[in-house]
Amino acid sequence: MRVAVIGTGYVGLVTGACLAAVGHEVVGMDDNPAKIAVLGQGGLPIYEPHLADLVAQTARAGRLRFTTDVAEAVRDAAVIFICVNTPPRPDGEADLRFVESATRRVAEHATRDTLLVEKSTVPVQTGHWIQKTLALYARRPGLTFDVASNPEFTREGMAVEDFLHPDRLVLGVAHPRAEAVLRALYAPIVEGRFACPVHPDCRVDRAVPVLVTDIASAELIKHAANSFLALKITFANAVADVCEAAGADILEVVKGVGLDKRIGRAFLNAGLGFGGSCFPKDLRAFVKIAERTGYDFTLLKEVTRLNAHRQVQVVEKLRQALWILQGKRIGLLGLAFKPHTDDVREAPALALARRLLDEGAAVQGYDPQAAAKAREAVPGLTICPDPYAAAAQAEAVVLCTEWPEFVGLDFARLKAGMVRPLILDGRNALDREALTALGFEYLGIGRGRPVPTPPRTP
Ligand code: UGA
């Protein structure tokens with residue numbers, strides 16, 4: 001099928017490259033000429049595992065190309081994805097001006113009956129506004145525009161895998177025509193009929209569940225899913241605080257809780273809090289959406305508040321261990337908002353770096369991918385070429401992002417360079433016993449030492 005993708009950020013690039021990989025003919029369009037120039041030369045403006053190869057392969061095969069010309073992108077397209085960004089306004093509400101302008105331009109330049117699909121995360125009722133905008137600005141008489149909501153559930157760092165092997169597909173439609181187009185588009189993915197670039201020998205043992213709903217419900221599924229995951233993490237963080245005070249171990253507690261099939265173990269990892277371009281923004285937007293319907297979503301407001309407090313708690317832990325923070329050197333391992341990405345948007349590591357700098361500490365950090373973006377975001381932070389340099393002369397090292405390579409570090413070497421061997425494992429990713437045996441003072445999150453049982457009085 002001929003597909004246009006408007007917006008070549010994370011969502012647009014992954015959508016375009018994956019749809020091209022399963023056989024469609026895709027044109028990616030973006031207003032940013034610098035981005036299109038990079039893509040045209042075979043580069044990627046972001047780091048995402050497998051994506052560079054996928055873009056290169058599909059471009060070579062003639063199934064993926066890029067343009068800044070919206071008319072060229074939408075010409076003859078049977079499906080047009082809107083993947084533009086929806087940044088938060090100061091009050092938390094999503095700013096939909098790019099969605100509106102993309103819709104207007106589709107209305108003006110479409111040359112055939114087409115399906116416009118919202119892929120960006122948008123508030124409920126956006127589909128309704130898109131439909132109205134199309135009707136208002138359509139240039140050619142007689143064209144039929146359908147609208148659908150098809151939220152994406154891909155995680156950064158796993159986006160290609162998540163797109164090609166989704167847990168489910170949600171198709172929010174207002175007309176069976178739109179459902180038929182989307183089912184045809186996704187058939188290779190639903191039936192596992194494509195060469196998997198992530199696991200070349202992978203077998204798909206069941207068809208992907210497809211949920212067809214009305215447009216408003218599909219829009220709400222996205223916000224509700226992200227909010228629930230953020231809530232789940234925050235719950236684990238709260239239990240971790242109780243564990244720490246009570247002398248229990250959060251790792252054991254979430255193991256026991258997560259074995260309940262109704263709960264599951266995923267997204268119960270306590271730590272420095274969640275970040276990224278999705279959870280914090282989507283939570284605030286969902287609170288606003290609810291507010292418009294007259295519902296005060298105090299539960300989600302509290303999640304946002306508790307999450308922002310995670311880094312304050314880490315600063316307090318360091319203060320308790322080091323007494324005075326001013327003038328002390330602190331090393332940060334991992335600066336991206338999570339492993340396998342170079343994205344530092346709302347990264348807990350950078351929020352922590354800013355707080356420590358405000359305290360007058362000297363902060364030095366290392367990240368395998370996010371160094372350049374971190375340097376730009378926090379100018380006072382010293383970026384180091386490797387983890388050992390980030391620990392050099394430090395009074396404490398904080399593991400902020402659990403990149404797998406940190407687990408295998410030469411900790412004796414790391415310790416040798418430090419002024420004081422204090423390690424705060426902000427993601428509970430390291431081996432507490434091994435580090436303690438090496439002579440580190442180890443602090444985790446919610447990993448209380450068992451409180452000694454008081455001797456029984458005879
Ligand atoms: C999230 C959702 O997981 C995707 O399903 C969704 O499609 C995406 O947002 C989106 O809306 O586009 P993403 O933001 O890429 O994906 O990252 P996650 O893997 O969900 O992690 C988010 C944050 O939560 C990270 O900072 C991570 O460190 C933190 N986290 C995650 C925890 O602190 N504990 C956990 O147990 C899991």
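Residues numbered from 1 in each chain as written. Predicted model: local features only at pLDDT ≥ 70, side-chain atom pairs only at ≥ 80, totals over all residues. Heavy atoms only, no water.

## Things to note about the site of the ligand
Right, on to step 1. Around the ligand, 20 residues are found, and the nearest of them are E152, T154, E156, K222 and N226.
Right, on to step 2. At a separation of 2.9 Å, an oxygen atom of the ligand approaches a polar backbone atom of N269.
Right, on to step 3. The separation between an oxygen atom of the ligand and a polar side-chain atom of K338 is 2.9 Å.
Right, on to step 4. Protein chains shield 92% of the accessible area of the ligand, which is 710 Å² for the free molecule.
Right, on to step 5. Looking at the shell around the ligand, the elements that each hand over two or more residues are α9 (215-246) and α11 (279-293).
Right, on to step 6. Looking at the shell around the ligand, the element that brings in the most residues is α9, giving three residues.
Right, on to step 7. Tallied by class, residues from the shell around the ligand come to eight nonpolar, five polar and seven charged. (Near = heavy atom within 4 Å. Polar contact = N/O pair within 3.5 Å; in protein donor to acceptor, adjacent residues only side chain to side chain. Areas by Shrake-Rupley, 256 points an atom, 1.4 Å probe, with all protein chains shown as cover. Helix = DSSP H or I, 4+ residues; strand = E, 2+ residues; numbered from the N terminus. Nonpolar A, V, L, I, M, F, W, Y, C, P; charged D, E, K, R; others polar.)

## A closer look at the domain arrangement of the protein
Right, on to step 1. Each assigned domain of the protein is listed here: domain 1 (2-213) and domain 2 (249-443).
Right, on to step 2. Averaged C-alpha coordinates put domain 1 and domain 2 at centres separated by 33 Å.
Right, on to step 3. Contact residues are listed per partner, giving 16 residues for domain 1 and 17 residues for domain 2.
Right, on to step 4. Around 1400 Å² of area is buried between domain 1 and domain 2 when both sides are counted, 52% of it from carbon and sulfur atoms. (Domains from an automatic or database assignment. Contact = heavy atoms within 4.5 Å. Buried area = accessible area lost by both parts, 1.4 Å probe.)

## Things to note about the nonpolar core
Right, on to step 1. Core analysis: the largest hydrophobic core is formed by 58 residues, its most contacted members being L318, I330, L332, L356, L381, V398 and I423.
Right, on to step 2. The element best represented in this core is helix α13 (residues 348-358), accounting for five residues.
Right, on to step 3. Once residues within four sequence positions are removed from consideration, L381 is found in contact with L335, L350, A353, L357, V363, Q364, G365 and A374. (Core = buried A, V, L, I, M, F, W, Y, C linked by side-chain atoms within 4.5 Å. Buried < 20%, exposed > 50% of the residue type's maximum accessible area, 1.4 Å probe, protein only.)

## Observations concerning the sheet that holds strand β13 (residues 422-425)
To summarise the sheet geometry, strands pair through backbone hydrogen bonds and adopt either a parallel or an antiparallel arrangement.
Right, on to step 1. The strand order across the open sheet built from six strands is β11-β10-β9-β12-β13-β14, with neighbouring strands paired in parallel fashion. At either margin of the open sheet sits one strand with a lone partner, and together these are β11 (382-383) and β14 (441-443).
Right, on to step 2. Sitting on the sheet, helix α12 (residues 298-322) touches β9 (329-333), β12 (396-399), β13 and β14, and the angle it makes with β13 is about 160°. (Pairing = 2+ DSSP bridges. Axes fitted to C-alpha atoms, helices over the stretch in contact; angles between N-to-C directions.)

## Focus: the pairing of β12
Right, on to step 1. What you see with β12 is no split at all: A396 and V398 on one side and V397 and L399 on the other are buried throughout.
Right, on to step 2. Pairing of β9 with β12, which is carried by four bridges, proceeds in the parallel orientation. In the sheet register, G331 faces β12, and the bridge partner there is V397.
Right, on to step 3. Relative to β13, β12 is paired through three bridges, and the arrangement is parallel. Bridge pairing in β13 places L399 opposite D425.

## Considerations on the sheet that holds strand β8 (residues 210-213)
Right, on to step 1. Pairing in this open sheet of eight strands is mixed, and the strands run β3-β2-β1-β4-β5-β6-β7-β8 from one edge to the other. The open sheet has two free edges, formed respectively by β3 (64-67) and β8, since each of these has just one partner strand. On average, each strand axis in the sheet is inclined to that of its neighbour by 25°, with strand direction left out of account.
Right, on to step 2. Where strand β1 (residues 2-6) lies against strand β2 (residues 25-29), five bridges are found, and the strand directions are parallel. Residue pairing in the sheet places I6 in a bridge with M29 of β2.
Right, on to step 3. Contacts from helix α1 (residues 10-21) reach β1, β2, β3 and β4 (79-82), with the element oriented near 145° to β3.
Right, on to step 4. Contacting β1, β2, β4, β5 (114-118) and β6 (145-149), helix α5 (residues 97-109) crosses the sheet at an angle of about 160° to β4.

## Observations concerning the packing of α9 against α12
Right, on to step 1. Two numbers describe how α9 lies on α12: the axes approach to 10 Å, and their chain directions differ by 45°. Our classification of the angle between α9 and α12 gives oblique. The handedness of the crossing between α9 and α12 comes out as left-handed. Counting all contacts with α9, which are made through S227, A230, L231, T234, N237, D241 and E244, the residues of α12 involved are L299, L300, V303, L306, R310, Q313 and K317.
Right, on to step 2. Looking at the contact of α9 with α12, its residues break down into six nonpolar, four polar and four charged. (Parallel < 35°, antiparallel > 145°, perpendicular 65-115°, else oblique. Left-handed = near helix turned anticlockwise from the far one by under 90°.)

## Details of unusual backbone geometry
Right, on to step 1. At H50, a position not held by glycine, the phi torsion is positive, near 75°.
Right, on to step 2. Note on placement: H50 falls in the loop between α2 (33-40) and α3 (51-60).
Right, on to step 3. Given the relative accessible area of 35%, H50 is considered partly exposed.
Right, on to step 4. Of note, E346 is a non-glycine position whose phi angle comes to about 50°, a positive value.
Right, on to step 5. Of note, E346 is situated in the loop between β9 and α13.

## So, the packing of aromatic side chains
Right, on to step 1. Taken as a whole and assessed by the stated rule, the structure comprises seven aromatic pairs.
Right, on to step 2. Between F274 and F279, the aromatic rings sit 5.9 Å apart at their centres with planes inclined by 80°, giving edge-to-face as the arrangement.
Right, on to step 3. F279 sits in the buried class, given a relative accessible area of 13%.
Right, on to step 4. Plain terms: the ring middles of Y366 and F406 are 6.1 Å apart, the flat faces sit at 70° to each other, and that makes the pair edge-to-face. Here F406 lies in helix α16 (residues 404-407) and Y366 lies in strand β10 (residues 362-366), a separation of 40 residues in the sequence.
Right, on to step 5. A relative accessible area of 10% means that Y366 is categorised as buried.
Right, on to step 6. An aromatic cluster of at least three residues, connected via ring pairs, comprises F267, F274 and F279.
Right, on to step 7. Positioned above the aromatic ring of W129, the side-chain terminus of K132 is 4.8 Å from the ring centre.
Right, on to step 8. Cation over ring: R168 sits above F153, and NZ or CZ is 3.5 Å from the ring centre. (Phe/Tyr/Trp six-rings, centres within 6.5 Å; stacked < 30°, edge-to-face > 60°. Lys NZ or Arg CZ within 6 Å of the ring centre and 35° of its normal.)

## Here's the deal with the environment of D53
Right, on to step 1. With respect to the secondary-structure elements, D53 resides in helix α3.
Right, on to step 2. For D53, a relative accessible area of 52% gives the class exposed.
Right, on to step 3. Separated by 184 residues in the primary sequence, D53 and N237 have C-alpha atoms spaced 37 Å apart.

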